[in-house]
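Here's the letter readout for the chains.
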Amino acid sequence: MGIVVENVSKQFGSFQAVDRVSLEIKSGSLVALLGPSGSGKSTLLRLIAGLEMPDSGKIILTGKDATNQSVQERNIGFVFQHYALFKHMTVRQNVAFGMEIRKLPRAKVKARVEQLLELVQLSGLGDRYPSQLSGGQRQRVALARALAAEPNVLLLDEPFGALDAKVRKDLRAWLRRLHDEVHVTTVFVTHDQEEAMEVSDEIVVMNKGRVEQVGTPAEIYDHPATAFVMSFIGPVNVLPSTSNIFQNNGFDSAHPEMFLRPQDVIIETSPNGTTVAARVSRLIHLGWEIQAELTLDDGQVVTAHLTRDRFDELNLEPQQKVYVKPKDAKSFPLYYSI
Ligand code: ADP
Ligand code: MG
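Treat the numbers as computed from the prediction; the structure is a model and nothing was measured.

Asks: What's the story with the pairing of strand β14 (residues 276-286) in this structure? I'm lost.
Replies: The two faces of a sheet get side chains in turn, since along a regular strand they alternate between them. Judged from the 4 bridges that link them, β14 and strand β17 (residues 321-326) form a sheet pairing that is antiparallel. When the sheet's bridge partners are listed, A277 is paired in β17 with Y323. Taking the residues between adjacent antiparallel strands as the criterion, β14 and strand β15 (residues 289-296) are bridged by 2 residues, where G287 takes a positive phi near 75°.

Structural data, given as structure tokens:
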């Protein structure tokens, strides 16, 4: 195992930031810590790094109990959202800094810097200063610098959070390819579910200092363990289970609420099996996808997502009468905190 977190808790004053978290992160994998702001992601990352000490529990890194080790002893690479590169140093000097401190032979440092710049696709920019780089390029320098020390573990705290959407998307794909080359055990913090799904082998969903679920992106999406995970990982309609859309079709539930993904709403133009009548109250065109707001006979409002092809096939118009049923829907027992 690359990283084992064993029943770790951390309190700030009377606030429980991390609450009895246990986790196993496989050696060489890329894992996302995903959760809303304040859910304890950064605190957990800092506990793994040794920047915070746990109140209880253990951190085991590459098989060794690291709970009482210093940050330096843990040999960790770090990249934060606002990673301050040394402004007065060139890209090359920034990347070399850690190796020079450790007094590695000059020739070795030089070769390693060039290799790292190539890895992060910045060969040719080695003589620039940070102010002469774009935000995305700066974060790639930060990553090269973090990798220079050949860390056992790479920890990234919202590394692309401050960049604009397009750059962020490019960097995600780039990070995934980079990881496939270097295979260093990596923990990546994000509050963006799409980013987590796109980049990681496994996702750890956090809420209120606790782990709600651990799984591959597909497992988390298709088999959410809790109502929180289902709502956080993608858009969802939350409807009373008494709504007539769930009657006579096997989805009536013992629990008061049903969770229905917008793409699991089947729309027909004539009654079909167990469909119920609805009215198209609003249509939103998003290019390849169309979002339809439907008002059911019982007054409940349901959002449906359709592909462009299906939309054209149905020839939907605002105010049109349609017939709908769920393809899939889930319910969850009420969540009790223990
Ligand atoms: P996330 O990264 O998921 O947004 P954090 O781990 O940063 O969440 O914070 C979790 C909670 O712990 C927040 O409510 C935050 O205010 C609190 N917290 C984090 N660090 C400290 C600290 N050093 N002192 C007091 N409270 C803190
Ligand atoms: Mg954070």
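Asks: Help me out: how do you make sense of the domain arrangement of the chain in this one?
Replies: Interface size, as often reported, equals the accessible area lost upon joining of the parts. You can read the domains of the chain as domain 1 (3-224) and domain 2 (237-326). With centres defined by C-alpha atoms, the gap from domain 1 to domain 2 works out at 41 Å.

Asks: Looking at this structure, how should I read the sheet that holds strand β7 (residues 153-157)?
Replies: Hydrogen bonding along the main chain pairs the strands of a sheet, whether they run parallel or antiparallel. Spatial strand order, β6-β7-β8-β3-β9-β10: 6 strands in an open sheet with mixed pairing. Taken across any chain shown, the strands that pair with only one partner, and hence form the sheet edges, are β6 (76-79) and β10 (210-215). Going across the sheet, the axis of each strand differs from the next one's by a mean of 20°, ignoring polarity. Looking at chain direction, β7 and strand β8 (residues 185-190) are connected through 5 bridges and run parallel. Residue pairing for β8: L156 is matched across the bridge by F188. With respect to the sheet, helix α5 (residues 135-148) is in contact with β6 and β7, its orientation differing from that of β6 by roughly 170°.

Asks: What is the right way to read unusual backbone geometry from this model?
Replies: Of all residues except glycine, most have a negative phi; of all peptide bonds, most are trans. With a phi close to 50°, R20 is a non-glycine residue in the positive phi region. Mapped onto the fold, R20 is located in strand β2 (residues 15-25). Although it is not a glycine, N75 adopts a positive phi angle of roughly 50°.

Asks: Whenever I open this one, the site of ligand 1 confuses me. Can you help?
Replies: Around ligand 1, the structure places F12, F15, A17, P36, S37, G38, S39, G40, K41, S42 and T43. Contact distances for ligand 1 include 3.1 Å between an oxygen atom and a backbone N or O atom of S39. One of the side-chain nitrogen or oxygen atoms of K41 is found 2.8 Å away from an oxygen atom of ligand 1. Coverage of ligand 1 by the protein amounts to 58% of the 560 Å² it exposes when considered alone. Put simply, the parts of the chain that give the shell around ligand 1 at least two residues each are β2 and α1 (41-49).

Asks: In this structure, what is going on with the pairing of β10? I would like to understand it.
Replies: Looking at chain direction, strand β9 (residues 202-207) and β10 are connected through 5 bridges and run antiparallel. Bridging from a neighbouring strand, V205 pairs with Q213 of β10. Hairpin connection, β9 to β10: the antiparallel pair is bridged by 2 residues, and K208 has positive phi, about 50°.

Asks: What should I look at first to understand the side chain of E289 in this one?
Replies: The topology assignment puts E289 in strand β15. The buried charged residue E289 lacks any salt bridge partner; its closest oppositely charged side chain belongs to R261, at an N-O distance of 11 Å. Residues within four places of E289 in sequence aside, it is in contact with I284, H305 and L306.

Criteria and thresholds
- Residues numbered from 1 in each chain as written.
- Chains lettered and ligands numbered in written order.
- Predicted model: local features only at pLDDT ≥ 70, side-chain atom pairs only at ≥ 80, totals over all residues.
- Heavy atoms only, no water.
- Pairing = 2+ DSSP bridges.
- Helix = DSSP H or I, 4+ residues; strand = E, 2+ residues; numbered from the N terminus.
- Domains from an automatic or database assignment.
- Axes fitted to C-alpha atoms, helices over the stretch in contact; angles between N-to-C directions.
- Contact = heavy atoms within 4.5 Å.
- Near = heavy atom within 4 Å.
- Polar contact = N/O pair within 3.5 Å; in protein donor to acceptor, adjacent residues only side chain to side chain.
- Areas by Shrake-Rupley, 256 points an atom, 1.4 Å probe, with all protein chains shown as cover.
- Buried < 20%, exposed > 50% of the residue type's maximum accessible area, 1.4 Å probe, protein only.
- Lys, Arg positive; Asp, Glu negative; His and termini not counted.
- Salt bridge = Lys/Arg side-chain N within 4 Å of Asp/Glu carboxyl O.

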